[in-house]
Amino acid sequence: MALERVIAALKKSSGMSGSESVRIVCVGDSVTAGWLEHGVLDQDTAYPALFRKRLASLFPMAMINVINAGLGGENIKGTTGRLERDVLAYKPHLATICLGLNDMRQGLEALPEFEAGLTALVEQIQQAETDVVLITPNIRADALQEDGTATEYVRSIRSIARKTGAGLADVQAIYVGAIRMGAAPADLLSNRVSHPTREGHTIFANALMAFFQP
């Protein structure tokens, strides 16, 4: 089971004296942070907040702390540099990682560096006895999606999940499915380029909750 540590902690936490709270860190870029339309930041409707609420409804006795460690413009290099401060210092039971939207802007020539960096990031977190879920990013509504660059980065994320044994919340696949059903890419994005709508954040939360459903 990919998330055995955090599930065990959720079942054990009671919200009473002597009980340990369950700590989850959501690492990522502007999507995780909660940037929506241009200039609008709303952490309360971002998927980390939705995820915490859904978990609390499933485990009503557990004390659940979800730390939003998303930063606008973030890439694999930036996340690696702040790993100790923003992730490991919390000694989390679970870390979710959603990166790639900014890294892919550097083109396919930067893909090997992204792969190496994300693999090392996952392994460092796992060595700290923390469960990891990789989240594939939502689609983009620009040339990076159309020319296949985004697809190659997403394939890399899926491959890293398989190699490291991390969980995979394949959000990109859900978005691609919506497009195949006739949705216009830009209409699924609040800034019409790369930020999901408020409804899109529900897709992220649902993909994470799939690991915890009976």
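Each remark here, short or long, concerns the structure printed above.
Residues numbered from 1 in each chain as written. Predicted model: local features only at pLDDT ≥ 70, side-chain atom pairs only at ≥ 80, totals over all residues. Heavy atoms only, no water.

## Here we look at the overall build of the protein
Right, on to step 1. The helix and strand inventory of the protein stands at 10 helices and 5 strands.
Right, on to step 2. Taken over the C-alpha trace, the protein has a radius of gyration of 16 Å; the compact-globule value for 214 residues is 17 Å, and the two agree within 12%.
Right, on to step 3. Here the analysis covers contacts within the protein between residues at least 6 apart in sequence; of these, 78% occur between residues at least 24 apart.
Right, on to step 4. Working note: accessible area of the protein is about 9,900 Å², and carbon and sulfur atoms make up 53% of it. (Helix = DSSP H or I, 4+ residues; strand = E, 2+ residues; numbered from the N terminus. Rg over C-alpha atoms; globule rule 2.2 N^0.38 Å. Contact = heavy atoms within 4.5 Å. Areas by Shrake-Rupley, 256 points an atom, 1.4 Å probe, with all protein chains shown as cover.)

## Things to note about helix 8 (residues 149-164)
Right, on to step 1. Taking 1.5 Å as the rise per residue, helix 8 with 16 residues should run 22 Å; its terminal C-alpha atoms sit 23 Å apart, in good agreement.
Right, on to step 2. All of the buried residues in helix 8 are Thr 149, Ala 150, Tyr 153, Val 154, Ser 156, Ile 157, Ile 160, Ala 161 and Thr 164. Looking down the long axis of helix 8, one finds its buried residues gathered within 150° of arc, a one-sided arrangement. Opposite the buried face of helix 8, by more than 90 degrees, sit the exposed residues Arg 162 and Lys 163.
Right, on to step 3. Where helix 8 is buried, its residues touch helix 6 (111-127), strand 4 (131-135), helix 7 (143-146), strand 5 (167-169) and helix 9 (171-180).
Right, on to step 4. Just past helix 8, the residue Gly 165 takes up positive phi, approximately 80°. (Expected span 1.5 Å × (residues − 1). Buried < 20%, exposed > 50% of the residue type's maximum accessible area, 1.4 Å probe, protein only. Arc of directions from axis to C-beta.)

## As for the packing of helix 9 against helix 10 (residues 198-209)
Right, on to step 1. At a minimum axis separation of 10 Å, helix 9 and helix 10 run at an interaxial angle of 130°. On the basis of their axis angle, the class for helix 9 and helix 10 is oblique. Where helix 9 crosses over helix 10, the handedness of that crossing is right-handed. Along its contact with helix 9, which presents Val 171, Ile 174 and Tyr 175, the element helix 10 presents Gly 200, Ile 203, Phe 204 and Ala 207.
Right, on to step 2. Tallied by class, residues from the contact of helix 9 with helix 10 come to 6 nonpolar, 1 polar and no charged. (Axes fitted to C-alpha atoms, helices over the stretch in contact; angles between N-to-C directions. Parallel < 35°, antiparallel > 145°, perpendicular 65-115°, else oblique. Left-handed = near helix turned anticlockwise from the far one by under 90°. Nonpolar A, V, L, I, M, F, W, Y, C, P; charged D, E, K, R; others polar.)

## Some thoughts on the sheet that holds strand 2 (residues 64-70)
Right, on to step 1. Strand order across the open sheet formed by 5 strands is 2-1-3-4-5, with parallel pairing between neighbours. If you trace the sheet from one side to the other, it starts and ends with strand 2 and strand 5, each paired once. Direction aside, the axes of adjacent strands within the sheet are offset by 20° on average.
Right, on to step 2. In this sheet, strand 3 (residues 94-98) lies alongside strand 1 (residues 22-28) in parallel orientation, the contact comprising 5 bridges. Opposite Gly 28, over in strand 3, you have Cys 98 as the bridge partner.
Right, on to step 3. Contacts from helix 10 reach strand 3, strand 4 and strand 5, with the element oriented near 140° to strand 4. (Pairing = 2+ DSSP bridges.)

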